[in-house]
Amino acid sequence: MNDYESEDTLFHSLAKICGSKNITIDPQNLKLYSNDMSFFKGNSPNLITWPSKTQEVVKIIKLANQMEFSIIPVSSSSKYRHHGDTIPRKDNSIIMNLTKMRKVISIDKKNRVVMIEPGVTFEELIPKLRKKSLRLLLPLYPTGTKSVLTSVLEREPIIIPRYHWDTSDPLLCTEVVFGTGDLFRTGTAAGPGTLSQQKKVGQAHVNPMGPTQFSPYRVIQGAQGSLGIVTWATLKLELVPTVQKVFHYHSNNIEELLDFQQKLVKYRLCDETFILNNLNLACLVKKTRNEIEDLANSLLKWNLIYILAGRGDLTNDKLNYLEGDINDLMGDSNLEHLESSNLIDRNEILECTNNYTSEPWRTRYKCSYQDIFFISNFENISNYIKKVELKYPENLGIYFQPINQGTSYHCEFDLYYDSKNEKETKDLQGKFNEISIDLMDSGAFFNRPYGYWAKEVYARHIEETSIALRKVKSIFDPKNVLNPGVLCFDE
Amino acid sequence: MLQKQVLEQFQKIVGPENVDDGEVMTNAYSYNWCMEFVNSMEGKEPLPFSSIPKAVLLPSNVEEVQQIVRICNKYNIQFKAQSTGLGPWNQPSSDNCVILDLRRMNKIIKIDERNLFAVVEPYVSGAQLQAETMKVGLMVHMPGAGPQVSPLASATSMNGPGFTSPHTGHSARNVLGVEWVLPDGEILKLGSTGLKNNSDWYIGDGPGPSLRGIMRGWAGAKSGIGVFTKVAFKLFPYPCSTKFKLSGISPNYEFEIPDYMKLYVIDCKSYNHLEKVFLKIEEEEISFICSHLSSYGLGAIFSNSIESLLDKIPIVGMKVPLVVLIAARTKREFEYKQKVMSKIMIDFKLENVIGSKYNPNSLFYAEALRSNLGLHGFIATGGFQSSKGQCDTVKVCLKTTKMSIPLKKKYIKRGVIGNDFGEGVWITSYESGHYFHIESPTMFDQTDEKSVKGMAENMEENHQFDLIKHLGAPFFVEGDKMHDLFGPEMMNYHIWLRKIKKAFDPNGIADSGFYISAK
């Protein structure tokens, strides 16, 4: 069979599974998936398919095992795809676009949990939950068209560290189709019994651990779609506060802000909290370049935001206790450089912590950006700042997010540039690679190794890690049909 | 006994004084608590002894563990690792097995006050670590088994509910960096611990997928997937003042109750009402302890002897009790939490018997802070073990409780287990009510063959009951027999678990008696 015959066979086989109207081979559509906002270069897919049911996902993966093509799962049709993880690396690849699986299956207020399919976006889910006085544990001002499930599976940091009980939060149970085409459910959703039998006895799939002596959800998370395709998941929710009080402090001394923030997190005094440099805070809350520059120039370099919140009849009592205790902590600490700031309307900040944005806030300043992000302990943060600023002193946005109950930090350096300017883009690409490598050499822990980073990251990690991960790959996707070539899984 | 050449190689690794294959030592190591009913469940004589290990080895560091595991692979000898060693899960399941007693690995490697975690070796006890973390105003999550056990074992290999779980979560979810000797002898370091440069313990996930998912699930692998030689886990703010003033003689100590602690013992009267109260208190994020126990169990946690158990009439008469302990770092926090509790008490028409009808000994508060309430399960008959162990919503926990009462009563009527009116359970919230777990502590007499056999039967019937009624997987789904029973009803997970075992332990060297064999 030649290539055309083989493509034709593939088309017809897939059409039998999900209907020909749910497949396209239109070159313009295909081209959209051959690149993204990152510098990663890959191939164009052979076709795009839109399954709408779990059983269709099962059949397509089984077909891939049989016909030896690769599947790249994509959960949203957002044009703002990044980091190269959905760009095919092999010739014989198809995109499995999950946007037609977009049901909010259940919202359970009593148990603070929602069950969603992969195509559900932030712009759909946030308002639905708010109507029921519930809120998602959000990353910082997510893009509305982004898949909520992808954000969670990729371990995007959430902005309330005290609700980040484990690295995996807010992910709970999942239904997943492994690379073998086998359907599985993780956590308590595994059973015994069907989902409806479990619901009948009162289960809501809120325990992610297991079944029994392993926790497959942990290996699916962070796998960039290379071990299984998640067809629904339950996510942890919190109740919406009736009052939120925003505090903004700025300083030229990052250590002082980090110290103060650490106490807030340690004693679980605040809800949302993060630190941004002046440029990133301006990008977050303002829309135009001029507004961003004006605000950035007015702010001190480092900005700590934290929010206190309360619900119900005792809201004021709660806020009084929290504010009183925080004032005492401030009094006990030596915070010489800290200044309270009123430069930003508090509602503008709440918009960014409670809602979604129509376009990525990081594109507001110069239309384009490349982000370098990793996990660090407290001690190394200042060193990383120095390293990056030395190589990219201008147009640099910085974001520090305490995570996992304050045991580590998501550190992010956003390199802003104009992608229409060829020279600037080329220079930026060089800087991006150079800074990334420099940070890796200094011990920055790139726990989400996308694109070209992956090879460098695993080279700086003990070899046993890659060996163990390849064993995992050989169990759940032995024929390497799911997103081949990502992480340490060679093409 | 070991072959001479194998013994010599082990001696070379750990020193002759740290390996023993003599009858006295190996026989002593074959004893453990609850081994008798495990034997009974397996159709063996109900004796408290497991298979006798071929030898006992006491390695002192990860390199020695690695070398031992390599020798085991070379000579096809299985190993079973144990830390503080409580329970049958520490026992070998065959005669071809050596025990790695990790008691010489007893160091607290690091208490990182700034990044809120501790790194420990296997034989550090919860109490030992807590004493150190209190000095910097922090606490460690301790499992219900008590402060005498190894937090490393709980975090990596066992289970992890604790009395302070509303405030400190579950052992499995507190894990950060891990040092792990795989069954083939390779050393794996999870997360940031595996960095070649500037390695530290602050995160255990990645790069990419988290191998913590292979390491363990809701339950741990009980040494069936290797040996854990160091682990980092989160520390939490100590909930109140760390001044710990104790006087008197064991067991009747006097404890000066720290500022800003208040105990509530409430009769919710019905399980439906309990569900609502449980959820409300936890939504408010105010509790340090929030547990339902049967009225009998409630009496037990306030007692140090059978005699003192009998004088707990005001509380033993309760229908559906809930124990809530609030604790605060400051006066403001304490007043706020009390106000919330007062409002809940009014809204739900509840009464706190503490201070009005009953005042526990001050020692209760010390035991609560040390997660030391589980030991009271031993008071009545000298022995107990928990059936059940499901974990999801409070509703499923309460439904399990109600549905299981007739089953338990059947064995009470036969006189083989202690009489708790069939209601004896412990339910705790986790992470401010995001999930709950239930277990059913069941008292039996370890010295009475009839009682041991009855307990084993009760355990087996509970497993079948939970499976048929879709109540969730209990704690002790471990070993081939149980996995083969539950797996087909749970997405055939046992097939995947076997693949993991085969991939990570190709020679079947890590004893799989309480895990799964590759078959």
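Since this is a predicted model, take the numbers as computed values, not measurements. (Residues numbered from 1 in each chain as written. Chains lettered and ligands numbered in written order. Predicted model: local features only at pLDDT ≥ 70, side-chain atom pairs only at ≥ 80, totals over all residues. Heavy atoms only, no water.)

### Thoughts on the domain arrangement of chain B
All names here are of chain B.
Piece 1. When cut into domains, chain B gives domain 1 (4-101), domain 2 (108-237), domain 3 (258-468) and domain 4 (478-519).
Piece 2. Inter-centroid distance (C-alpha atoms) of domain 3 to domain 4 is 33 Å.
Piece 3. Contact residues are listed per partner, giving four residues for domain 3 and five residues for domain 4.
Piece 4. Taken over both partners, the interface formed by domain 3 and domain 4 buries close to 420 Å², and the fraction arising from carbon and sulfur atoms is 75%.
Piece 5. Interface area lost by domain 3 to domain 4 is led by Glu 460, His 463 and Leu 467, which between them contribute 85%.
Piece 6. Close ionic contact of Lys 481 with Glu 460 constitutes a salt bridge, the shortest N to O distance being 3.4 Å.
Piece 7. Between domain 3 and domain 4 we count one residue pair in polar contact (both at pLDDT 80 or more) in total.
Piece 8. Residues of the side of domain 3 that touches domain 4, tallied by class, amount to one nonpolar, two polar and one charged. (Domains from an automatic or database assignment. Contact = heavy atoms within 4.5 Å. Buried area = accessible area lost by both parts, 1.4 Å probe. Salt bridge = Lys/Arg side-chain N within 4 Å of Asp/Glu carboxyl O. Polar contact = N/O pair within 3.5 Å; in protein donor to acceptor, adjacent residues only side chain to side chain. Nonpolar A, V, L, I, M, F, W, Y, C, P; charged D, E, K, R; others polar.)

### So, the interface of chain A and chain B
Piece 1. Each partner contributes to the interface: chain A provides 104 residues, whereas chain B provides 99 residues.
Piece 2. Roughly 8,700 Å² of surface becomes buried between chain A and chain B when both sides are summed, with 58% attributable to carbon and sulfur atoms.
Piece 3. One can count twelve salt bridges joining chain A with chain B.
Piece 4. For Lys 236 of chain A, the salt bridge is made with Glu 431 of chain B, and the minimal N-O distance between the two is 2.8 Å.
Piece 5. Seen at the junction of chain A and chain B, the total is 54 residue pairs in polar contact (both at pLDDT 80 or more).
Piece 6. Looking at side-chain class alone, the side of chain A that touches chain B contains 44 nonpolar, 34 polar and 26 charged residues.

### Structural notes on the packing of helix H13 (residues 381-391) of chain A against helix H14 (residues 422-441) of chain A
Residue and element names in this part refer to chain A.
Piece 1. Where H13 contacts H14, the two axes come as close as 10 Å, and the packing angle between them is 160°. Considered as vectors, H13 and H14 are oriented roughly antiparallel to each other. Crossing angle aside, the handedness with which H13 passes H14 is right-handed. Residues Tyr 384, Lys 387, Val 388 and Lys 391 of H13 lie in contact with H14, whose contacting residues are Lys 431, Glu 434, Ile 435, Asp 438 and Leu 439.
Piece 2. Among the residues forming the contact of H13 with H14, the class breakdown is four nonpolar, no polar and five charged. (Axes fitted to C-alpha atoms, helices over the stretch in contact; angles between N-to-C directions. Helix = DSSP H or I, 4+ residues; strand = E, 2+ residues; numbered from the N terminus. Parallel < 35°, antiparallel > 145°, perpendicular 65-115°, else oblique. Left-handed = near helix turned anticlockwise from the far one by under 90°.)

### Description of the pattern of salt bridges
Piece 1. The full count for this structure, using the stated rule, is 66 salt bridges over all chains.
Piece 2. The partner of Lys 110 of chain A in a salt bridge is Glu 275 of chain B, with the nearest N and O atoms 2.6 Å apart. With Lys 110 of chain A in the loop between strand E5 (104-108) and strand E6 (113-116) and Glu 275 of chain B in helix H9 (residues 271-283), the pair connects residues from two separate chains.
Piece 3. Looking at Glu 275 of chain B, the relative accessible area reads 9%, which means it is buried.
Piece 4. For Lys 236 of chain A, the salt bridge identified is with Asp 169 of chain A, shortest N-O distance 3.2 Å. Taken as a pair, Lys 236 of chain A in strand E10 (residues 228-239) and Asp 169 of chain A in the loop between helix H5 (148-153) and strand E8 (171-178) lie far apart in primary sequence, 67 residues in all. Of the two residues, Lys 236 of chain A and Asp 169 of chain A, neither departs from the other in class, the shared state being buried.
Piece 5. Salt bridges sharing partners connect three or more residues here, namely Asp 166, Asp 169, Arg 218 and Lys 236 of chain A together with Arg 173, Asp 205, Arg 212 and Glu 431 of chain B. (Buried < 20%, exposed > 50% of the residue type's maximum accessible area, 1.4 Å probe, protein only.)

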